[in-house]
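Observations on the model geometry
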Amino acid sequence: MTLAVLKSCAIAGMHAPEVRVEVHVAPGLPAFNIVGLPGTGVKESRERVRSALSNCGYQFPAGRLTANLSPADLPKDSGRFDLPIALGVLLASGQIIMPPEQAADRLSRTVFAGELSLTGTLMPVAAPLVIGLSVYRQKITDAVLVLPKENAAVAAHIQGLNVLGAKTLKEVADFLAGDAHPEYEIAREMSCKETEDYPCLSDVKGQAMACRALEIAASGGHGLLMSGSPGVGKSMLAQRLPGLLPPLSSEQLLEVTAVQSLSQREVHMSMQRPFRAPHHSASMVSLIGGGAQPKPGEISMAHHGVLFLDELPEFDRKALESLREPMEKGEICITRSSCSVVYPAQFQLISAMNPCPCGYLGHASKPCVCTPEKINRYQGKLSGPLLDRIDMQITVHPFRGNWDTAQAAEPSVVVKKRVAHCRHAQQDRQGKLNAHLDAADIGRYCLLDSACSQLIQQACQRFSWSVRVMHRVLRVARTIADMAGKDEIDMVSLSEAISYRQQMD
């Protein structure tokens, strides 16, 4: 044949749209052209493919070669198209011979992705899980994904997907020609293990109320803002939250690793939930993602995990305001002139701040030296719409008393069991955590009797709460009731939820 057609894929956010790789060998002056909106990395494939074929013992055909990457309006980048282009050259030039009755069937259900070195060795490509998940979701019978050996070990964690890992171009060519019968990397159970390397909650002393709030936040997936003077333990508490959360499920693990693989060439699969703590000098793009070729930001890297923003008012105001939409939707849409991508961003926001620039506003023994203007400017960096979206807002007070005799908090392993039990009850009842309940769910699962209804109305009037704030207080009350094993929200649960909200109002 003089024309070969193979399947590959591009990367567009968390999706890998199919790319049809057509290679045609025609008589004429020697030339090798790649068309179909190729990026710089794809254009350089010509030299890598030429050298790889020669060093693997194949002949580079004389004549006019054209490689078309369809659809033409989809941007293509990186070297993942090296492998299908090289195989297309071999098929079109007759150096790989496949029976006609088998060629169309096998090539129609096989997807190739891999970068070639000059020696013909297959090099790892980015985002193997994104590629694997996209191939799996196409529901092609007996679909096969061909990847470099290192990538195949990762993609094989997708249940029900056949993954072939190869080390060289020649191995894949022999596979197509039927001269080799490789063993597929069949999807298997998750082999990664959870490691307990988070600090223990028992290191915290004298902060019973803050520890209680932290457990509630962990149990319902609620956002938490801690305000207090320097050294009271805000950061210490936040760093211990991941140790209270249950491990990722198999599906969540694939999503988290897929997102991370878009920014990192090497990823390590871990059952631990992500914990991201960017510095307050982080830009808006680094938080929400972006760039000329949009990459995921910190909110997406914290998907199914925790995003900790310390010194919250020190962040750029535009960066903070950009968090409002993903906090509501659980995803972020990044639009550029050439493309629009959507990244998941279902993160739990934990933040900490000082009450004023010097940090001692309201302190019992240290006077505040800030002027009212400085205090207003400092606190004004947090807008009302942003604060509305943070479920719990507490003040962490300095410890008073004898430190040696202060009572330590419960160990993380003990609290973690309670958190897991509470989360399991929420999933059984409503299929989601309480923090993710929408307006319809609140009317169904957060029913109040007349006394509780009157209490929440009084709180809304006294603190001038919006309906959004009221809903978030009800979500927290639902979590507190779940922790106590109660079917309905009672006065005790609702009163405690209100106490965790009025600190910043």
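Residues numbered from 1 in each chain as written. Predicted model: local features only at pLDDT ≥ 70, side-chain atom pairs only at ≥ 80, totals over all residues. Heavy atoms only, no water.

**Things to note about the packing of aromatic side chains**
A complete count under the given rule lists three aromatic pairs for this structure. Ring geometry for Phe463 versus Trp465: centroids 5.3 Å apart, planes at 25°, classification stacked. The same class applies to Phe463 and to Trp465, which are both buried. Sitting over the face of the ring of Phe60, Arg50 holds its NZ or CZ atom 4.5 Å from the ring centroid. (Phe/Tyr/Trp six-rings, centres within 6.5 Å; stacked < 30°, edge-to-face > 60°. Buried < 20%, exposed > 50% of the residue type's maximum accessible area, 1.4 Å probe, protein only. Lys NZ or Arg CZ within 6 Å of the ring centre and 35° of its normal.)

**Some details on the pairing of strand S11 (residues 224-227)**
Side chains of S11 alternate between two faces, with Leu224 and Met226 and Leu225 and Ser227 buried alike. Taken together, the four bridges between S11 and strand S18 (residues 348-353) define a ladder with parallel strand orientation. Within S18, the residue paired with Leu224 across the bridge is Ile350. Taken together, the four bridges between S11 and strand S19 (residues 392-395) define a ladder with parallel strand orientation. Each residue of the ladder has a partner; that of Leu224, found in S19, is Met392. (Helix = DSSP H or I, 4+ residues; strand = E, 2+ residues; numbered from the N terminus. Pairing = 2+ DSSP bridges.)

**Comments concerning the sheet that holds S11**
The parallel open sheet is built from five strands, whose spatial order is S12-S15-S18-S11-S19. Of all strands in the sheet, those with a lone pairing partner are strand S12 (275-276) and S19, marking the two edges.

**Topic: the environment of Ala406**
Tracing the backbone through its elements, the reader meets Ala406 in the loop between S19 and helix H17 (412-430). The exposure class of Ala406 is buried, given its relative accessible area of 13%. Those residues in contact with Ala406 that lie beyond four places of it in its chain are Lys205, Gly206 and Phe399. (Contact = heavy atoms within 4.5 Å.)

**A word on the nonpolar core**
Counting 58 residues, the largest nonpolar core has Ile131, Leu145, Ile299, Leu309, Leu320 and Phe347 as the members making the most contacts within it. Apart from residues lying up to four places away in sequence, Phe347 is in contact with Ile299, Ala302, Gly305, Leu307, Pro326 and Met327. By size, the runner-up hydrophobic cluster in this structure holds 49 residues, among which are Ala218, Cys452, Val473 and Ile489. (Core = buried A, V, L, I, M, F, W, Y, C linked by side-chain atoms within 4.5 Å.)

**A closer look at unusual backbone geometry**
At the junction of Ser70 and Pro71, the peptide bond is cis and its omega measures out at 10° in the coordinates. Its place among the elements puts Pro71 in the loop between strand S4 (64-70) and helix H3 (82-92). Its identity as a non-glycine residue notwithstanding, Leu37 has a phi of 60°, on the positive side. Relative to the helices and strands, Leu37 is located in the loop between strand S3 (31-35) and helix H1 (40-43). Overall, the relative accessible area of 45% leaves Leu37 in the partly exposed class. Not every positive phi belongs to a glycine, and Ser464 is a case in point at roughly 55°.

**Overview of the environment of Asp438**
Within the secondary structure, Asp438 sits in the loop between H17 and helix H18 (439-445). Placed 37 residues apart in sequence, Asp438 and Arg475 show a C-alpha to C-alpha distance of 9.5 Å. If sequence neighbours within four positions are ignored, Asp438 has contacts with Lys432 and Arg475. A distance of 2.8 Å separates a polar side-chain atom of Asp438 from the backbone nitrogen of Asp441. (Polar contact = N/O pair within 3.5 Å; in protein donor to acceptor, adjacent residues only side chain to side chain.)

**Focus: helix H8 (residues 208-220)**
Over its 13 residues, H8 extends 19 Å from the first C-alpha to the last, a length consistent with the 18 Å expected when each residue adds 1.5 Å. The element H8 is extensively covered by neighbouring structure, given that 10 of its 13 residues are classed as buried. Considered for burial, the residues of H8 that qualify are Ala210, Cys211, Ala213, Leu214, Glu215, Ile216, Ala217, Ala218, Ser219 and Gly220. (Expected span 1.5 Å × (residues − 1).)

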